[in-house]
Each structure stands twice: as C-alpha cells, then as structure tokens.
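Coordinate inspection notes
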Amino acid sequence: MSPIIRTVCAHDCPDMCSLLVHVEDNQVLRIQGDPAQPFTAGFVCAKVSQEPRLVHSPDRLTQPLRRSGVKGMAQFTHISWAEALDEIVDRWKSVMKEDGPEAILGYCYSAHQGQFNRGLPLALFDMLGATKLIAGTVCDTCADEAWESTLGPVGGTDPEVVGSSDLIIAWGADIVTTNVHFWAKVQQARRGGTKLVVIDPYRSRTAAQSDWHVQPRIGSDAALALSMMHVLDRDGFTDANFIQEYTNGFERLRREVLPKFSPVAAEPLTGVLAGEIERLAHLYGRALSPFIRIGLGMSRQRHGGQAVRAVALLPGVTGAYARPGAGALMSTAAEFDLNYSAIRAPSGQPPPRTVNHALLGNALLELRDPPIQALFISGNNPAVTCPDAGSVRRGLSRQDLFTVVHDPFLSATAKFADIVLPAAMYLESDDVYRSYGTFRMQYGAAAIEPPGQAWSNRRLAQELARRLEIAHPVFDMDTPELLETLLHGSRVQPTISSGNLLSSGSIKLTRGAGPQEFRTPSGRLEFWQDTSPTSADWTFTSDASPAPKRWPLQLLTTPGYFQSHSAFSGNRLLRSRQGAPVCLLSQAESDRRGLRDGDEVELFNAQGHVTLKLAVNTDLPNGIVVVPGQQPELESGHAVINVLCSSDLSDMGDGATYQSTFIEVRRHPK
Ligand SMILES: Nc1nc2c(c(=O)[nH]1)N[C@H]1C(S)=C(S)[C@@H](COP(=O)(O)OP(=O)(O)OC[C@H]3O[C@@H](n4cnc5c(=O)[nH]c(N)nc54)[C@H](O)[C@@H]3O)O[C@H]1N2
Ligand SMILES: Nc1nc2c(c(=O)[nH]1)N[C@H]1C(S)=C(S)[C@@H](COP(=O)(O)OP(=O)(O)OC[C@H]3O[C@@H](n4cnc5c(=O)[nH]c(N)nc54)[C@H](O)[C@@H]3O)O[C@H]1N2
Ligand code: SF4
Ligand SMILES: [Mo]
C-alpha cells in the first residue's frame, strides 16, 4: 500500500479542500478529496484530480536560470543556487547603496500557497524597507472594502448550512466553476425543492443549470438590487423590527434613493424587464431563508464597490440576516483575525512607499525618486493577469531593471527575468491554510520532496534573509512557532490552536447562533454612510453608461473552468481541455460585422489588440464580448487579453476594473 498523506489544496480557490495524497517513490499517484471533511465531501475538482500531471509536469523548473538573451525571449542558461543567490544579494546590495531599499519591489501575492509560504517573502521585503506591494487589488480588495463598509470585517452566512435555505441566489458567481463544493451543497438543497436563481450577464455553467437566469447588463447590479428593495418596501416585505434593531440609514435610503429605482426606471439601466424585477423581488421577499452567494466578478469594475454593497444590503431589508440558512456569503476571510502582520510585516515600521498590485506597469515605467531598480516576483504571473499587461511587459523589458522570478514553471513573466528560481509547490512544502469560502483552517504536510533543486518560498525567504544579514526571529521559526505567532491574540482561539491544528485535520470555527454579526464601528448594517470618502451615497448605481461610440462592446472576462488564471497551464491535459482561447459574441453583433463562427478576429481598443477565434453564442446579449479565462499566450496574437484592460481603479479598495473595458471586434486583418 502506498502511503497516504493528509494535506490541503493550496490553489487560489474558496473551497480549500482537504486532500488525501497517495504517494510512492516521491511520486503523487492519486489525489482524493478527504471524505471525513464535510465540505470537501470526498471529491476534488476537475483540475486537481489531474494534479499529478501538474506536479510532475515535464515543464517544471528544476534548476536556477540566468538570462542569456533578450528579455522576454526566454533564453537562459543553467546556474547553481550559490551563483544565483550571490548575484541577487550583490545586485540588491548595490541597488540599496545607490538608491535606497525603496528601489526594490517584492511582488508576491502568492495565492497558491498557505500562510507561511505567502508570508515570509513579504517579511523579507518588509525588513529590507523595500517598496511595499498593496496586494490583492487584482482580485478582491474592492469587494472586501464594499462588504466591510456594509457589514464590517466579518464572514457571512456559513456555506455548510445552505441545505436549510429555501431560495439560493448566485449573484455574479459561477459556482460550478469557482466553488464546486458549494455547488454540491446547492444541488442537494435543490433536490429538496429549493430554487436556484443566477444573476449574471453571461450564461455561465451555473446559469445554464439554474431554475432562472436573470441577465442584467454588466455593472448594473446596484440598480437591480435597489429596484428589488423598492419593490420589497412598496409591497410590505420589509422587516421593520430588524431594520430598527440592527441597521443604520434605511430611512434615508427609502426617502432619497429608492423612489428613483422603480422597476420601470431600472429596466433601461439594467436591461432586466420591469416585470422580471417585480417577480424577482417577490420571490426574494416571500422566501423564508434566502441565501445569496455574492461573487467577486461583479466587483472588478468602476462601480464594483457600489454593486457589492447594494447586494449585501438586501438581506437587511427583509431581515433575512436574522434567520438560519439565510443571509449572504461573499468571503469568509475576515472572520479569521489572524496576526498576519507578525509574519508578513515583522519590522513594525510603516512602508516607505507602496505600489498597487494592479498598477505594476505604471510603477515600473513611471516611478521616480527612486525608480524601481530591482523586482522580485513570486507566485504571480503579472505579464498575463495584471490589467494593462502591455505596460507590464514594457516595464519588464527595461534593460536597467534587475528581475528575479521564483515560480515552479517558466511563466510568461519568468521569460522576462534576469534570474529564474525553481519553486516548490504546495504538495512539496508544509504550511497552514485558512479558507476564504468556508470557516475552516487546516495544517497541510508536505506529501513529497520538491523536484530537482526547487525550493519553497519559505526556504528561499529564510536563505535570502540569512545572506542579507536580516536578523529577525520570524526567519528562524519552525512550523509550530510560526503557527503560535500567527494565532497570537486571535479570536479563532481556543477553537483553533497550534496544538489542535498540528494534530487534527480540518477544524471549523464555531460561530454564535443567532443573527449575522455586524462588525462595523456602529455594530449595525450600514444602509447609508456619510463619513467614508468612498461611501455609498448611491450617486453611481450603474456602470451602464453608454459605451463610447468608437468602442461599442463591453468586455467580460470570466473564470476558465479548467484554469485558475495561469496556474494550471503547466498541465498539458487541462490546457487542451480548456481549448484554444476564444471570444464569444452574439449572433446579431457577429452579423453586423460580417463575422462567422470560427473566424479569426481582432479585439482592439486604444490600449492594444488581441487576436482570437470567434465563437458565436446565441445566449449572449448584444453589446458584450466574453473571453473565458486568462490564457498565457493567446494562440495567434501573441498578446494576452489584459492588454485591453486599463489601469483605472474601482470606486472602493483601489481594485482592478477588468469589466470596465470597451472594445471593438473586426475580422483579423491578415
Ligand atoms: N475554475 C476556476 N476556479 C477559480 C478561478 C478560476 O480562474 N477558475 N479563480 C479563483 C480566484 S483567484 C477567485 S478570486 C475565485 C473567484 O473567482 P471570480 O473570478 O471572482 O469568480 P466568481 O465569483 O465565480 O464570479 C465570476 C462570475 O461573475 C460574473 N460577472 C462579471 N461581471 C458581472 C456583473 O457586472 N454583474 C454580475 N451579476 N455578474 C458579473 C461573470 O460573468 C462570472 O460568471 O475563484 C477561484 N477559483
Ligand atoms: N482580465 C482578467 N484578469 C484577471 C482576472 C479577471 O477576472 N479578469 N482575475 C484576477 C484574479 S481574481 C486574480 S487572483 C489574479 C491571479 O493572478 P496571479 O496570481 O498572477 O495568477 P496565477 O495564474 O494564479 O499565477 C500564479 C503563479 O504562481 C505560480 N505558483 C504556483 N504555486 C507556487 C508556489 O508554491 N510558489 C511560487 N513561487 N509560485 C507558485 C504559478 O506557476 C503561476 O505562475 O488574476 C486576475 N486577473
Ligand atoms: S475545488 Fe478548489 S480547493 Fe478543491 S481541489 Fe479544486 S482547486 Fe483545490
Ligand atoms: Mo482571485
């Protein structure tokens, strides 16, 4: 019998599955979802069921590399770790001597690792006094700020109780693709008669399997939610006691805003018929325990914060936040008030300067006094995933920039590096994990040794700290000590302690029964805020301003089913299952441009152009183009979709605005 290692899936995914990894001769034979963990429920997704092909991919890096050709052309020679580390330390020391430590940028979001592999590289740059990355703005900072300004830093409804809900709304969440274990729970509930409504401009896999797919215009969710509130209030579905006892500002919203959002007024904003809005509001108002799963996709646009805020307020109107199985869930991360800064920012000093994760291109091209001279990227692929990817690539091409990339694969970004370091993956390193889609934490043991000379992020950070003579205990701690540090002072104790994490599998936080807790400064759900500069005064309730005439189509990039951005592209089977990159366009929009299914087309705007295959999609409304996934090198155009997206930021949380991209499509000019 091959040994079975109990560990955790570290991919950037809300489910945080508990895994049983079957190992023989340092090879992963098979991965099983742990049947003893109720959320994982014995299965893994279509991606991780193929994980041996990623971990043992022939494309894995096993030795450090030094650039021998032009930046971006991926010409490298093998070097030893000693040579690589000597060169990095020498270059960083001379950059610091000439321009100060703020000329160094550590760019590590590291979303496919646990807390220590994520945290320790950040600790290194914090201790150096380097320019600090404001991380996560490509993903969830807008949504998080919107949620926190509404409910406070708190998790939402437990996904494990969705079985007792009588109505489920997936609001801008493609659950089948991004949250498959929650989908299993949803399906269980539906077998008992619960209805599933999906609110999404795109007929996603989840929408296609729903009972009712409502298709609003991109970015019009705030208007839709406010119109539902209008109907709920007008037709007597408000819970006056709940509003009185647990909320702030509803009267003002009712007086100043809701009258503007009658279904008839909201119809042209949202593209949803007035009658449908009425029906949706009544369905919601009549449900005893409606559960809204709020996705992050709708937050990645100019008024994304307003959208999330409005949707998160709906359960406050009807008092659903007080009922079991009801409420809203976006992310559970805020519930874990861990001592992150002790691991990630141990200096205790404010950073000398910051760079927004989504603005890497601008930072590399435009920052002065000092300019960024040395860049370290680990666990990120910004040449593919960052907005304004053209600027990112121009920045990475700077001859005077010294770039180090630490990755298990020669990613599109690594191709621009001066030094590439082979990284271990999560199955090759022990770490501690906390979920953002459940209320669970777990310790994950390394299942195998890393291939060749690959090093974990943690080992690399420790070694660089040693060579740079950075003395801080955090770089010498073993796993139990790091764990004690991370949990110090946290409310998750005593349910979760270093002792029980190291000795048990998945541990679930216990949360009080009773109404959803609000951790805003007032302790109430905030319908209105006058104080916050980003506050929802509801001036902007829709991104549905008419598209500029020259760029009449709005771009929607959705998560790829067989992808997590580019992190699975080292698995050739998944790459072929995802297929060649395509763009979806309605029949009418295609006809208008004389385009046919399968044509090679160019997507373009003032920022750049990308060549793709056209797939005519009969479920798509006019006026939008959908590109599923962010594929590393689009097959024919040698450009990634993010060259079309600007570096404009969202109304809250300084987030990326991928969805606020306007383009035109034409036949590829051969
Ligand atoms: N298979 C797979 N799994 C993943 C990922 C992946 O890329 N692929 N990504 C991982 C990561 S990094 C994250 S952050 C999470 C969450 O990943 P996200 O990318 O945030 O995915 P969802 O929350 O499912 O939201 C996507 C849905 O939002 C819809 N949407 C976009 N704009 C709007 C809008 O204006 N209004 C409405 N109503 N809907 C809109 C899209 O059409 C899409 O169906 O998933 C993780 N899991
Ligand atoms: N147009 C558009 N763009 C988007 C989005 C969108 O919806 N639309 N979504 C955004 C979202 S939600 C996110 S989270 C970002 C994701 O953006 P990124 O985090 O840049 O994307 P990934 O492809 O997940 O890149 C992870 C990299 O880490 C590497 N890696 C994996 N494990 C390890 C490890 O253990 N150590 C090290 N050192 N490296 C490792 C992988 O090989 C890969 O190269 O993309 C964003 N980009
Ligand atoms: S569903 Fe998510 S957490 Fe579970 S195995 Fe797949 S990627 Fe990992
Ligand atoms: Mo993300």
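Structure first, text after, so check above.
Residues numbered from 1 in each chain as written. Chains lettered and ligands numbered in written order. Predicted model: local features only at pLDDT ≥ 70, side-chain atom pairs only at ≥ 80, totals over all residues. Heavy atoms only, no water.

Overview of the sheet that holds strand β20 (residues 507–508)
Strand pairing in a sheet takes place through backbone hydrogen bonds and is either antiparallel or parallel in direction. An order of β18-β19-β20 is seen for the three strands of this open sheet, with the pairing classed as antiparallel. This sheet does not close on itself; its edge strands, each paired only once, are β18 (431–434) and β20. The sheet contact formed by strand β19 (residues 440–444) and β20 spans two bridges and is antiparallel. Paired with Arg440 across the bridge in β20 is Lys508. (Pairing = 2+ DSSP bridges. Helix = DSSP H or I, 4+ residues; strand = E, 2+ residues; numbered from the N terminus.)

Focus: the sheet that holds strand β10 (residues 212–214)
The five strands lie next to each other as β10-β9-β8-β12-β13, forming an open sheet whose pairing is parallel. Each end of this open sheet is capped by a strand with a single partner; those strands are β10 and β13 (327–329). Along the sheet, successive strands turn relative to each other by an average axial angle of 20°, direction set aside. Alignment of strand β12 (residues 290–294) against β13, held across three bridges, turns out to be parallel. Counterpart to Phe291 in the pairing with β13 is Gly327. Along the sheet, helix α6 (residues 180–191) makes contact with β8 (167–171), β9 (195–199) and β12, crossing β9 at roughly 135°. (Axes fitted to C-alpha atoms, helices over the stretch in contact; angles between N-to-C directions. Contact = heavy atoms within 4.5 Å.)

Focus: the pattern of salt bridges
The final tally for this structure, using the stated rule, is 32 salt bridges. For Asp418, the salt bridge goes to Arg67, with nearest N and O atoms at 2.9 Å. Highlighted residues: Asp418 in the loop between β16 (402–407) and β17 (419–422) and Arg67 in strand β4 (residues 65–67), separated in sequence by 351 residues. The class for Asp418 is buried, based on a relative accessible area of 10%. (Salt bridge = Lys/Arg side-chain N within 4 Å of Asp/Glu carboxyl O. Buried < 20%, exposed > 50% of the residue type's maximum accessible area, 1.4 Å probe, protein only.)

Notes on the site of ligand 2
Contacts to ligand 2 come from 29 residues, most closely from His112, Asn381, Asp407, Ser566 and Asn642. Thr557 places a polar side-chain atom, nitrogen or oxygen, 2.8 Å from a nitrogen atom of ligand 2. Contacts to ligand 2 include Ala567, whose backbone N or O atom sits 3.2 Å from an oxygen atom. Protein coverage of the free-state accessible area of ligand 2, which is 920 Å², stands at 96%. Considered class by class, the residues forming the shell around ligand 2 number ten nonpolar, 16 polar and three charged. (Near = heavy atom within 4 Å. Polar contact = N/O pair within 3.5 Å; in protein donor to acceptor, adjacent residues only side chain to side chain. Areas by Shrake-Rupley, 256 points an atom, 1.4 Å probe, with all protein chains shown as cover. Nonpolar A, V, L, I, M, F, W, Y, C, P; charged D, E, K, R; others polar.)

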